Amino acid sequence: MIGALLSAVVAAAILLTGATAHDRGTDQGGASSQERQCEGCGWRPAVVEVSGDPRDVLRKGPARSWPKGTIIVMHGGGGEHVQWCVSNFGLTAAQVRFSELAVEEGFAVFLLNSSSQVRDNQGRICGKIWDDEVRDRPNLDLPFIEQVIQQVIPSPRPADSEDAIFLTGLSSGGYMTVRAAIHFNALVTAFAPVSSHRSRISNIVRAAASARIA
């Protein structure tokens with residue numbers, strides 16, 4: 001059922017890719033109005049420091065244990081993690097329903113927010129996307145994802161929970177899903193990129209696999 005619902009968000013993902021991210025507010029610790037809405041629906045915020053930069057996470061899980069494991073979700077390019085926990089317009093409704101259904105079925109869901117600091121090979125800012133390509137510089141997002149897997153998830157995970165880790169993402173998040181799954185293959189149980197072009201996925205797979213061997 002989760003797989004069917006994830007497929008159902010593809011159309012919305014195509015439209016959301018490139019959407020303008022909401023500005024963060026300056027009150028209540030810098031939380032945006034959308035983040036506060038998510039908190040009102042039971043989502044717990046966390047800030048992860050990665051190389052001195054704060055990175056945002058929202059999480060929600062079953063009350064007692066996480067019998068199905070944990071799903072890490074990465075949004076599409078130009079988007080925000082809050083688009084998976086609150087829907088103020090119709091296009092994100094399927095994404096929010098995916099997250100809520102996952103929790104209902106026994107998964108914990110961790111929503112990760114990308115940065116706006118990714119640069120191309122010429123040093124130009126690429127916008128609010130994931131750092132999915134293999135470049136001749138340290139990756140901005142792999143340390144973030146590793147810290148989430150190794151520290152942020154285990155900390156609140158109740159006893160008797162399943163420790164399986166699943167990755168999914170839309171468009172830019174889908175490419176980062178593939179990149180992270182290859183890099184952390186021993187830590188990831190399964191992964192599912194959505195609305196991500198097959199030829200670019202193949203390029204990422206080859207480059208990421210070569211980088212691991214090197």
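Sequence positions are assigned chain by chain, starting from 1 and proceeding in written order. In keeping with the predicted nature of the model, local features appear solely for residues at pLDDT of at least 70, side-chain atom pairs appear and are counted solely at 80 or more, and the whole-chain, interface and lining totals rest on all residues. With hydrogens and water excluded, all non-hydrogen atoms of the structure serve as input to the side-chain values.

Trainee: Outline the overall build of the chain, listing residues and values.
Mentor: The way it works is that DSSP assigns letters per residue, a run of H or I at least four long becomes a helix, a run of E at least two long becomes a strand, and they are numbered from the N terminus. Helix and strand content of the chain: seven helices and six strands. Reading the chain from its N end, one meets helices and strands in the order α-α-α-β-β-β-α-β-α-β-α-β-α. Think of it in three bands: with a 1.4 Å probe and only protein chains considered, a residue is buried below 20% of the maximum accessible area for its type, exposed above 50%, and partly exposed in between. Expressed as a percentage of the 214 residues in the chain, the buried residues total 48%. Contact criterion: two residues are considered in contact whenever any of their non-hydrogen atoms come within 4.5 Å of each other. Summarising the internal contacts of the chain: among those between residues at least 6 apart in sequence, 68% fall at separations of at least 24.

Trainee: Please give an account of helix α6 (residues 172-183) that cites residues and values.
Mentor: What a helix should span is 1.5 Å times the count of its residues minus one. Taking 1.5 Å of rise per residue, the 12 residues of α6 would be expected to cover 16 Å, and the 17 Å separating its terminal C-alpha atoms lies within 8% of that figure. By the criterion of burial, α6 is predominantly enclosed, with 11 of the 12 residues buried. Buried within α6 are the following residues: S172, G173, G174, Y175, M176, T177, V178, R179, A180, A181 and I182.

Trainee: How would you sum up the pattern of salt bridges? Please name residues and give values.
Mentor: Any carboxyl oxygen of Asp or Glu that lies within 4 Å of a side-chain nitrogen of Lys or Arg is treated as forming a salt bridge with it. This model, assessed by the stated rule, comprises seven salt bridges. A salt bridge links K128 to E80; its shortest N-O distance comes to 4.0 Å. With a gap of 48 residues between them, K128 in the loop between β4 (107-112) and α5 (142-152) and E80 in the loop between β3 (69-74) and α4 (93-104) connect regions that are remote in the sequence. The burial state of K128 is the same as that of E80; both residues are buried. Measuring nitrogen to oxygen at the nearest pair gives 2.8 Å for the salt bridge that ties D131 to R137. Owing to a relative accessible area of 27%, R137 belongs among the partly exposed residues under this scheme.

Trainee: How would you explain the environment of V57 if you had to name every residue and give the values?
Mentor: Residue position: V57 is located in strand β2 (residues 53-60). By relative accessible area, which is 2% here, V57 ends up buried. Considering only alpha carbons, one finds V57 and S114, 57 residues apart in sequence, at a separation of 9.7 Å. Other than its neighbours up to four places away in sequence, V57 contacts R44, P45, A46, V48, H81, F110, L111, L112, F144 and V148.

Trainee: Can you explain the sheet that holds strand β5 (residues 165-170)? Please cite residues and give values.
Mentor: Strands pair in a sheet through their backbones, by hydrogen bonds, and they do so in one of two ways: parallel or antiparallel. Should DSSP find at least two bridges between two strands, the strands are taken to pair. Strand order in this open sheet of six strands is β1-β2-β4-β3-β5-β6, and the pairing throughout is mixed. In this open sheet, the two edge strands, each paired with only one partner strand, are β1 (44-50) and β6 (190-194). In this sheet, neighbouring strand axes are inclined to one another by 20° on average, regardless of whether the strands run parallel or antiparallel. Axis definition: a line fitted to C-alpha atoms, limited for helices to the stretch in contact. Angles are taken between N-to-C directions and run from 0 to 180 degrees. Relative to β5, α6 is tilted by about 150°, and along the sheet it contacts β3, β5 and β6.

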